[in-house]
Structure formats: C-alpha cells, structure tokens
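# Inside the fold
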Amino acid sequence: MNKFIALIVLLLFFSCSSKSQNNEASIGDLKIAFKKNDDKLFIENFPKNYNQFVSYFGWNDTLDAPYPLYKESTEYIDLFFKIVSKDKTNNSLKLIIDISLNGKYQADGVSYFKMNIEKLFNKNPNLACELLKNRKSDEIDSFWHFYLDSPQPLTSVPSIFKNIKNNCAEVYSSLEKEIKIIQKENLVSEITNESKANNLKSINDFIPDGYMILDSLSGFINDDKFKDKIIVLANNQEFKSNDSRLFLVLLNENGEYALKIKSPYIIPCLKCAGGTGGEDSYSNLVFENNILSFSQLKVIEIKVIEIKYNFLNEKGDFTLNKITVTNSNLSDNSTNKISIAPNNKISIKNFNYQNYNNYIKYSAKIIDSDGFTNLRKEKNSTSIILDKIKTGQVVDVIDNSSDWWLVETKEGKKGYVYKTKIQLNKL
C-alpha cells in the first residue's frame, strides 16, 4: 500500500514538473515570436484559456508577485488583437472566447484584455453574434459574465448590441440574463442601481461594505453655493486583492449628496506601478482653481515615469486638458520633463489610466536639413532603417527619455529618430 501511495506521489510530482516546464517553454516561445514579429508562432504560443492567460500576464495573489509577462502584458495583448483582427475567417478570433470562459475581473492584464474585446465589438457588434452563436449555452453565459464583470457593472444592454436581438436571440438573451446576475454579485452594485441611488443622501451611503476612503477633497464643482465632494475609495484588502479603486464625484444638493461621476478606471490601482519596490502607482489628488489633478507612477526597468493628469472642470464635467510627463533615469540620475495637451477632448468618464501610453503621445516635427531623416528599428545609427520621414512631417512622440526618441508616423510605423532631427510642439 505504501509503495502504491509513493508511486502516485511520484507520478503527480513529475506531472506537475512537466506542466511547469511546458509552461516555461511556451512563454519562451511566445517571447521569441513577439521579438521576431512572427504572427503564426505568436498565436500558436499565446494562452489558450483564462487560467493560462493569468499565469502569463496576471498577478500571483498567493506569492503577491507578478507572473512572467506582467510588465509587458499590454504590448503582448496589443499584438494579439492586431493579429486576430486581420483574420477574416474568425478562426483565431475564437481564441478570445476560449480565454474568456470562466474568467473574472482583475486589474491590469485581464482588464486590458477585456477592454480590447469591447473595442472590437464597438467596431463590429455583429462579431459577438458570429463568435458566440455556435457555442454551448453555458459557454455563452460564461463569456458574457466575464465581459460584464467589473467594479462598475452595466445596468442595461449596451445600445450597440440591440441589433443582434433578432438574428442572435440566444446570445442576446444570455447577455440580458448575465447583466442581472452580475449586478447582484458585484460588491459595489448598490451605488450603480439607479432606484437605490436615488435614495442615497449622506456620503457614507456611497461607501460599499469592505471599502474605505483613500482620498477626499471638497470644492465648488457646479454653480451653486454648496461644497461638493471628490472621493477615492479603496478595498480594505487591496494589498492582497489589488482591486480597482473607485473615483466618485458627489454633488451637494443642500446637504444631501447625489452621484455625478463614478468610475473604477480613473485612479490607478495599488500595484499598477510595476517595478519591485512596492511603489503605489497613485498620488497627489488636488482640486484647485477649477483644475482636478493627480499623478500616476510607472516603473519600467531603470526608468521611473511620473504622469500628472490635469482635468478642467466645467460645471461637473471634467475634461483632460494637460499632461505633464517626468522621465527619471535611475542609472545616471537624469530627468526629462515636458507638458503636453491631448489631441482630442477626453471626458474623465471615458478616461482609463491603463491607456496612459495613448494619452502621453504628443506631436513633433522632423527638422533634418537633408530633407528627410531615418526611422530606425533600434536606438543606434547602424540599425535597420524602417522608413524615411520627410522634413516637416509631423510624428507622434511616445518616448523622449534618451538620445533616440521612439516615434510613430501617421502611417502607424514605430521606430527611433535621433533627438537632433526632431522638434517638439510644446504646450
């Protein structure tokens, strides 16, 4: 009997070791495919289910540490959606559904994956029907549950999906059902339920069980004489769960408060800075002279990026109007700072701190006296030339923290240009 038990233990051990080695090998192959820009190899080695996806790009709650590709998750996810979006057969797009099954909301990589699905469906709502109509009922339910799971769940079917009601009745019915289920499950559903929200009056009424006030400001947000409130809520156990923080704007209506804005995507989560020092990714909430501001911290290898967002208040509608980016290089203590204005008006209701790369892009002009400058693959003068950019052409600057600036052309090509060949369009 003892020998039999020992044999089982050994088999389990070797099985687990084999799975671990296979997982490491797949991650290694995925890294190679990413570096080589090999679409086929990349899809072959991309995670095939939710648990595998988290084990690549998520956060290990047990060890309170990131999984291998946590820091690079947005880059890998961007490439994944770029590849599958080109698939006219929808074969690789089916992988989106496979990964979503049995999934649940998490900050960072999982949330970013969900956001990209939303972008796909916003462009083509019928795609939801095509990808789900031949799935089993429980799989359709599971997908919608993942799609809807959020600190701020929807209360009704998004208008973009109204057209699939007739040609995809089961898919639409599942969506309606899961909205009701997710509302009941969600910790903070009590302040997104309109019928209950109308009865909330005091500030404490807006704080769900298990949450605490992380930050609180008072100020005159609308045109009346009553001081309103801006509040940031955090889960009491966020150091373990890393749950999203909630941003609330409460308007004071003669001593009773009404909810104006609520979003889990405005204030960065505790562990979203990256790095290994345990830095909080959020700081410095201020409301002065009708400007709301706060800072987001990103730590990438030996570089610390602080992004300060300024929102202009217009009677309770806040619009992103200025971004100040400070790049600090820890290796040589150098610092680069610039203030920029976003190209488009972004309401705070549509703002998402995870999209910081999109917000910190700013325009610059090529000024090479030769009439053009080379766009290179790497940060050196012998690197492969990807394109030639004419003098006077405007490009988006993504990173100007070194002598070689990472830019993106109007055609969407990304590469490096030497700093003397480019002139910033400053605020």
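What counts as what
- Residues numbered from 1 in each chain as written.
- Predicted model: local features only at pLDDT ≥ 70, side-chain atom pairs only at ≥ 80, totals over all residues.
- Heavy atoms only, no water.
- Patch = residues over 30% accessible without salt bridge, like charges linked within 9 Å, V, L, I, M, F, W, Y side chains within 5 Å.
- Areas by Shrake-Rupley, 256 points an atom, 1.4 Å probe, with all protein chains shown as cover.
- Salt bridge = Lys/Arg side-chain N within 4 Å of Asp/Glu carboxyl O.
- Lys, Arg positive; Asp, Glu negative; His and termini not counted.
- Charge placed at Lys NZ, Arg CZ, Asp CG, Glu CD.
- Helix = DSSP H or I, 4+ residues; strand = E, 2+ residues; numbered from the N terminus.
- Core = buried A, V, L, I, M, F, W, Y, C linked by side-chain atoms within 4.5 Å.
- Buried < 20%, exposed > 50% of the residue type's maximum accessible area, 1.4 Å probe, protein only.
- Contact = heavy atoms within 4.5 Å.
- Pairing = 2+ DSSP bridges.
- Axes fitted to C-alpha atoms, helices over the stretch in contact; angles between N-to-C directions.

### Focus on a negative patch on the surface
- Negative charge collects at one region of the surface, where Glu-72, Glu-75, Asp-78 and Glu-301 lie side by side.
- Within the secondary structure layout, Glu-75 lies in helix α4 (residues 73–85).

### Digging into the nonpolar core
- Within the largest apolar cluster, 52 residues are counted, with the highest numbers of intra-cluster contacts made by Phe-42, Phe-80, Phe-113, Phe-121 and Trp-144.
- Excluding residues within four positions of it along the chain, Phe-113 makes contact with Phe-53, Ile-77, Phe-80, Phe-81, Ile-96, Ile-99, Ser-100 and Phe-146.
- Listed in part, the 48 residues of the second largest apolar core include Leu-217, Cys-269, Phe-287 and Tyr-359.

### Observations regarding the pattern of salt bridges
- Considering all chains together, one arrives at 12 salt bridges under this definition.
- In this structure, Lys-86 and Asp-39 form a salt bridge, with 3.4 Å as the shortest nitrogen-oxygen distance. Pair noted here: Lys-86 is in the loop between α4 and α5 (94–100) and Asp-39 is in helix α2 (residues 39–45), with a separation of 47 residues, a long-range link.
- Assessed through its relative accessible area of 53%, Lys-86 is described here as exposed.
- Of the residues examined, Asp-39 reaches a relative accessible area of 26% and is grouped as partly exposed.
- A salt bridge links Lys-419 to Asp-403; its shortest N-O distance comes to 2.9 Å. Here Asp-403 lies in the loop between β16 (394–399) and β17 (404–408) and Lys-419 lies in the loop between β18 (414–418) and β19 (422–424), a separation of 16 residues in the sequence.
- Take Asp-403: its relative accessible area is 36%, and that puts it in the partly exposed class.
- In the salt-bridge network here, residues are joined through shared partners; they are Asp-98, Arg-135 and Glu-139.

### Description of the sheet that holds strand β4 (residues 228–235)
- Taken together, the four strands give an open sheet; going across it, the order is β3-β4-β5-β6, and neighbouring strands pair in antiparallel fashion. The open sheet has two edge strands, β3 (211–219) and β6 (256–263), and neither has a second partner. If you compare each strand with its neighbour and ignore which way they point, the axes differ by 25° on average.
- Both β3 and β4 contribute to a ladder of eight bridges, which runs antiparallel. Bridging across to β4, Tyr-211 finds its partner in Asn-235.

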